[in-house]
Structure formats: structure tokens, C-alpha cells
Amino acid sequence: MKKRLVVMLICASLIMIMTSCAQKTDEQEGASIDPLTADCQNGNYVGQELDSGVIAFKGIPYAKPPVGELRWKAPEMPDASDETYEAYDFGKTSLQYEWFSEPASFNNEVGEDCLTLNVWTAGLNKEEKKPVMVFIHGGGFAWGGTSDPLYDGQFFVEENKDIVMVTINYRVGMMGMIDLSKVPGGEAFPDSANLSTLDQIAALKWVNRNIEAFGGDPKNVTIFGESAGGAYVSLLMASQKADGLFQKCIAQSGGYALTYSQEAFDNVGLTEALIAVTGATSMDDLMALSEDQLREAYFKELDEDGYCLNDLYNMPMRDGKIIPEDPYQALADGQGSDVILMAGSNGDEYKYWIDEMNMGSEESNVETYAQWIIGRFDSKYENFSDGEKKMMDQFIALQNGSNEVDAKTEWFNDFDFRVPATEAAARHADAGGTSYVYYWDHPSTIPDRGACHASELSYIFHNLDNTMFSGTVDEDLADKMCTSWANFARYGDPSLDEIKWKPYTSEERATMVMKDDFAMENDVLSEQRKILEPFLKHYIRD
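All of these numbers come straight from a predicted model, not from anything done at the bench. (Residues numbered from 1 in each chain as written. Predicted model: local features only at pLDDT ≥ 70, side-chain atom pairs only at ≥ 80, totals over all residues. Heavy atoms only, no water.)

### Examining the packing of helix 12 (residues 365-383) against helix 13 (residues 386-398)
Where helix 12 contacts helix 13, the axes come no closer than 9 Å and their chain directions differ by 145°. Facing F377, Y381 and E382 of helix 12, the residues of helix 13 in contact are K389, M392, D393 and I396. Across the contact of helix 12 with helix 13, the residue classes tally to 4 nonpolar, no polar and 3 charged. (Axes fitted to C-alpha atoms, helices over the stretch in contact; angles between N-to-C directions. Helix = DSSP H or I, 4+ residues; strand = E, 2+ residues; numbered from the N terminus. Contact = heavy atoms within 4.5 Å. Nonpolar A, V, L, I, M, F, W, Y, C, P; charged D, E, K, R; others polar.)

### Notes on the pattern of salt bridges
Pairing between side chains of opposite charge can happen when their charged atoms approach one another. If you walk through the whole model with that rule in mind, you get 26 salt bridges. E533 serves as the salt-bridge partner of R529, at 3.0 Å between the closest nitrogen and oxygen. Owing to a relative accessible area of 6%, R529 belongs among the buried residues under this scheme. Three or more residues are tied together by salt bridges with common partners; here these are R509, D523, R529 and E533. (Salt bridge = Lys/Arg side-chain N within 4 Å of Asp/Glu carboxyl O. Buried < 20%, exposed > 50% of the residue type's maximum accessible area, 1.4 Å probe, protein only.)

### As for the pairing of strand 14 (residues 435-440)
Of all 6 residues making up strand 14, 6 are buried, and the element is well covered by its neighbours. Where burial is concerned, the two faces of strand 14 agree: the one with S435, V437 and Y439 and the one with Y436, Y438 and W440 are both buried. Both strand 13 (residues 340-346) and strand 14 contribute to a ladder of 6 bridges, which runs parallel. Bridge pairing in strand 14 places M342 opposite Y436. In this sheet, strand 15 (residues 510-514) lies alongside strand 14 in parallel orientation, the contact comprising 3 bridges. Among the inter-strand pairings, Y438 is bridged to a residue of strand 15, identified as M512. (Pairing = 2+ DSSP bridges.)

### Overview of the sheet that holds strand 5 (residues 81-86)
Read from one edge of the open sheet, 3 strands run 1-2-5, paired in mixed fashion. Lying at the two open borders of the sheet, with one neighbouring strand each, are strand 1 (37-40) and strand 5. Strand-to-strand twist across the sheet, computed as the mean angle between neighbouring axes with direction ignored, equals 20°. Sheet topology note: the strand 1/strand 2 (residues 42-46) ladder contains 4 bridges and is antiparallel. Counterpart to D39 in the pairing with strand 2 is N44.

### Side note on the packing of helix 12 against helix 14 (residues 404-430)
Helix-helix packing is characterised by the crossing angle of the two axes and by the distance between the axes. Direction vectors running N to C along helix 12 and helix 14 enclose 60°, while the axes themselves pass 9 Å from each other. Relative to helix 14, helix 12 is oriented oblique. Seen along the crossing, helix 12 lies across helix 14 with a hand that is left-handed. Of the residues in helix 14, those in contact with Y369, A370, I373, I374, R376, F377, D378 and K380 of helix 12 are E404, V405, K408, T409, W411, F412, F415 and D416. Each residue belonging to the contact of helix 12 with helix 14 can be placed in one class, and the counts come to 9 nonpolar, 1 polar and 6 charged. (Parallel < 35°, antiparallel > 145°, perpendicular 65-115°, else oblique. Left-handed = near helix turned anticlockwise from the far one by under 90°.)

### With respect to the packing of aromatic side chains
Tallied over the full model, the rule gives 40 aromatic pairs. Consider the rings of W143 and Y313, whose centres lie 5.3 Å apart with planes at 65°: the pair is edge-to-face. With W143 in the loop between strand 9 (130-136) and helix 2 (154-159) and Y313 in the loop between helix 9 (291-297) and helix 10 (327-332), this pair connects stretches of sequence that are 170 residues apart. Lying across the ring of F189, K73 places its NZ or CZ 5.0 Å from the centre. Between the NZ or CZ atom of R318 and the centre of the ring of Y539, over which it lies, the distance is 3.6 Å. (Phe/Tyr/Trp six-rings, centres within 6.5 Å; stacked < 30°, edge-to-face > 60°. Lys NZ or Arg CZ within 6 Å of the ring centre and 35° of its normal.)

Okay, here's the thing in C-alpha cells:
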């Protein structure tokens, strides 16, 4: 009996040793013990496996909640934790008001506690070291969030299983871009004007520390963004605060033109407006406001004309501390020269705002847009010098055969989007960096929209059923766009097997034109570019 017991104990010990060795072997080979749990510094997060086989992790905190004493303060690292959490739902959208074209403003809870990110991966094997893509959403700097169905990363990863996709929330509007320095007590909030940018930097630091747990390579990170997100990724490249956090950058329809100087930032009057509608006289008063009171402040009238706080929002401030006062010069001086850049714009950017005129109403929005774009152009014209007015006249004269609305639309397409992108790419290349430039000119199937702002997003995310801006998606073109973006993340070169994409230089200006297919052209719309380059000193506003 004793012999049998000894034999059983020996066998049990051998089984335990063999099991332990097998587990160590699995760990050495990089396989996760639990295929749905990612072990991060601030917790163990359990994801959900989707029908496609992609694993989704949602709502992971990358910083402490910016609430209470941390309201309007720079983000702080989350506390270490070995607790296990279900990562099944998106985190809150940053505090904002509902807007019809920004689903995250109404399909998800909004609030101050919004500093979370989401990850899509095809597996958690650390040894695979997959390229990582981090998307920064747009939304006019005042709206947007990762719960927008357009930014669902599962479709991209389903097409490119060797890529890890990350999307991040950050503070927008008055929670992320408001200068409190002139409010009594505001000296304790020195970063309030550029918290959005600091949030993004904090998210990238979290990615660098934790993305291996999702099978990603922290040394192969690509940031990309569209509209406001395109501006942010451009600014991150120009900011020394973000050095070393990513290796590649894609700026879609957004760049340094979408920024303010200190003076222009102050002239918006957002701080004064918040004080006016809340009755606050100091930072103590502002800090005492509840989240509900802040939300309600968006809709209080400011004056007899009925203007509300929601009419006022800022763009990032070129403060010389977080963001260079002259980002173009920063690139020319070699800032970010080790980052590979892709930048581009769309052929009919401004026609996106046709729907914005009447909040998506079908009634008269084309006519309303026409009045708005003509008035906006004429207002710009009056504020420029005589020499600049002549150049504007030359630009309009180039639009042979175009009506007044289309001609003035094209001026804004180039002024706000295309020429800032090509100039950044040229400055970067001249400083020794590698640049690529694209021009998206595939028209939306929605009438009157053309290749409008945001119409490329469904193609890049391979999100074939989310067609708010694109209309019906051409699946073959979506395959190419999605693969090109993935190749850029993989190799730093967006070329396809059958299509070589040449780098952009200030001499040749090679540009990938994306219409019904891909085609390389040199110096697209060169005469327009040459006329508008002297205007870059104006950004949006000085």
C-alpha cells in the first residue's frame, strides 16, 4: 500500500513538473496562458473574440481619470494594478454636445473620465512583434470619440492580421483646449491650452509600455489621424515632447494650418465665454462646477444675438512649449527627421461642409453652403494685403470653367489642407527625412460631395458598411488603400506589389493620386501650390 502511494506521489510530481515545463516553454515562445487576457502595467484586461477571429479590447485607461483635482491638468500615469478587468465596452466620450455627424457624441456616454483606448489584435503572442497603428480621431477639435463606428478597427485587422490597431480618446473642446492663465488661480493650470496633445502623448507612452501584451512591437509604431487628428499627428511629429514614441506618421487632411498663435487663441474668447455662462470668477469656482453644469454651459446664451458656448471652440495653440511656435521651421531644422511621414488631402475637402450647413437636412444645404463659402472667401480677401489679393485673383483665374462656388471651394481646399501637407512633406524631406504624399480624388457617391473631407476613411479602415461620407465603397479600391496604409506601418513604404510609391522631395514632388486606381504624378496642381505657399505664414489665423 505504501509503495503504491509513493508511486502515485512520484507520478503526480512528474505530471506537475512536466506541466510547469510546458507552461514555461509556452511563455518563452510568447504564447499567452489566457488567449483573451492582456497583462498590462495597470491591470489584466480581458478582450472579446469577434466572429472574424479578431480580439477587441475596449475602454482601457491609459491615464488617471482627469476629474476632481485633475480637471484641466496634464494627464498622469495610471496606478499599477494586478486586478483583472473586462475590456468589453468603449470608455466615455470626452465631454461635448451632440452633433449629427459625430456619432460618438450621442451613441455613447460622454463625460470627463474619458482617457481610454481600444486595441484590436489577431492574437497575443508577444514573439510576433506586430507593427502597431495608433489612430487619433478628428471632430473639429470639439467633438468625436472612438465609439464612432467609422473607426472600428476590427475590419482593418481582419484584412491585416499582422497589425495591431489602437484608437484613443482624448479631451476635446473646453476640456482639452482652454487657456486658464488669466483666470484668478489659473497659474496652477499651466497646460490647459494643450491638454489634448498631452493626452495623446500619454496614450503613446502607455502603448510603448504595454503593447507587447497584445502582440505589438513598441519599436514599430505608426500614428495616423484625419482632420483634427491629422493636425495632431503632425504636431506630435513637430513636438520634442513626443520624441521616440513613434516611428511613422500619417497626416490625413489636417496639418499645421489647423492651429492658432497665442493671440488668435485668446481672440476666440472661449475662456471668457465659459466664465460668462457659468458666473465663475476664479478657478475655485470653475473647479466646483459639476460635470452636469459644464455640459449645460454649452447651451446657455452668451448675448442678445443668441450665441452659445457651443459656437466657440479652439484649435491647438502654438505655445512654444508643447507645440513649436513655427512647426514648419521645426521640421526644417530637423525635428522628427527620423520619423517617416505620409501626408495628403482630398480633392473636394470643403464639400464635406455642405451637410454641416443645416445639420444634415436635405433642404437647401447646397445653397446655404454656396452662400457660406463665398462669404468666407470674401472675408479672407478683405483681410489680406494688396499683393496677396492679386495672388488670390490669380488662383481663381486658374479655375477655368468652374463656377464661383467651386473656384472658391478649391482655394480653401488648397489653403487649409493640400498645400500645408505638401509643404510639411517638403520641409521634412529637405531636412533628411523620408516623405510620401497622396491626393485622394475618388468621388463620394453622395451627390455634390466629390472627394470630400473624410470620404477616404471607410476605405482605409476597410469599413465597407459605414458610408456616411464615402457613399458606396469601391471594394477593390478599399483593398488597395487598406493594404497601402498597412504596408506603410510594416515597412515605412506604402507601395503595393504592383504599384511603386516614390518618396516626395521638393524637387520632384512625386504624389500618389488615388482616383479609380493609384497613379504617380509629379507636382500635382503645381501652379496653385506656387501661388498659395506664401500664405502659409497665416496658418488659419495668425
